[in-house]
Amino acid sequence: MENIVLIGFMGSGKTTIGREIALLGGRFLLDTDGLIEQNMGKSVREIFASVGEKGFRKIESQLILWLSANVKNAVIATGGGMPIYNDVHYLGKVFWLDVGFESIVKRLDSIEKKKRPLFDDMAKAQSLFNERKAVYEKQAQYVVGGSASPVEIAKKIVSLMNERVI
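What you see is a predicted model, and the numbers here were worked out from it, not measured in a lab. (Residues numbered from 1 in each chain as written. Predicted model: local features only at pLDDT ≥ 70, side-chain atom pairs only at ≥ 80, totals over all residues. Heavy atoms only, no water.)

It is not clear to me how the environment of L128 should be interpreted in this structure. Could you clarify?
Within the secondary structure, L128 sits in helix 7 (residues 122-139). Take L128: its relative accessible area is 16%, and that puts it in the buried class. Residues L128 and L118, ten residues apart in the sequence, show an inter-C-alpha distance of 8.6 Å. Beyond its immediate stretch of four places on either side in the chain, L128 contacts F9, M10 and L118. (Helix = DSSP H or I, 4+ residues; strand = E, 2+ residues; numbered from the N terminus. Buried < 20%, exposed > 50% of the residue type's maximum accessible area, 1.4 Å probe, protein only. Contact = heavy atoms within 4.5 Å.)

Printed below as a string of structure tokens:
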């Protein structure tokens, strides 16, 4: 079975919704930022500090190649920038979690914001959000509004995947 790939801005709920999809059965959740952190032995913030954004994006590209060759029937929650710098279609069916910037900011507590280097400057984060929307839309095969509960969104995504099978 094909992977479910979740894209969207930082804090849009990719990992949370991916976990709910996995709980519905038959799939495991793989969070790309988490996989990179585990492999590198550093946080995303530390990786950015040591190799820069360009180096981090190269690591993401290598991960995409590995995942596309080795992983099937999973839920893959991408980092917010992964689909901006890489074609994520190789990973599976792509779902964009379309959530407004204000909603994302409300969701993130100070601990979560500290994990995300691009949230250090809120005006810059808003600008980045606006720039990335068009790319998310272009990469997505499905656009799913992110205002419902994670369980409802997960059920909708699983339903859309099941429709494709028939």
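So what exactly am I meant to see when it comes to helix 3 (residues 44-70) here?
Because an α-helix completes one turn every 3.6 residues, residues spaced three or four positions apart along the sequence face the same direction. Relative to the 39 Å expected for 27 residues at 1.5 Å per residue, helix 3 spans just 23 Å between its end C-alpha atoms, considerably shorter than the ideal helical length. If you look at helix 3, its biggest bend is around 110°, right at V51. Of all the residues in helix 3, the buried ones are V44, I47, F48, F56, R57, I59, E60, L63, I64 and L67. Tucked inside the fold, the buried residues of helix 3 contact strand 2 (29-31), helix 2 (32-40), strand 3 (75-77), helix 4 (82-85) and helix 7. (Expected span 1.5 Å × (residues − 1). Bend = angle between axes of the 7 residues up to and from the residue.)

Can you help me understand the sheet that holds strand 4 (residues 93-98) in this one?
By definition, the strands of a sheet pair up through backbone hydrogen bonds, in either a parallel or an antiparallel sense. Overall, parallel pairing links the five strands, which are arranged 2-3-1-4-5 in an open sheet. Taken across any chain shown, the strands that pair with only one partner, and hence form the sheet edges, are strand 2 and strand 5 (142-145). On average, adjacent strands in this sheet sit at an angle of 25° to one another, irrespective of strand direction. Across four bridges, the pairing between strand 4 and strand 5 is parallel. Note that in strand 5 the partner of L97 across the bridge is V144. The sheet strands contacting helix 2 are strand 2 and strand 3, and the helix crosses strand 2 at an angle near 65°. (Pairing = 2+ DSSP bridges. Axes fitted to C-alpha atoms, helices over the stretch in contact; angles between N-to-C directions.)

Even after reading the chapter, I still don't get helix 1 (residues 14-23), so can you show me in this structure?
K14, I17, G18, I21 and A22 are the residues of helix 1 that are buried. Down the axis of helix 1, the smallest arc covering the buried residues is 145°, so these residues share one side. Two residues or fewer after helix 1 comes G25, characterised by a positive phi angle close to 115°. (Arc of directions from axis to C-beta.)

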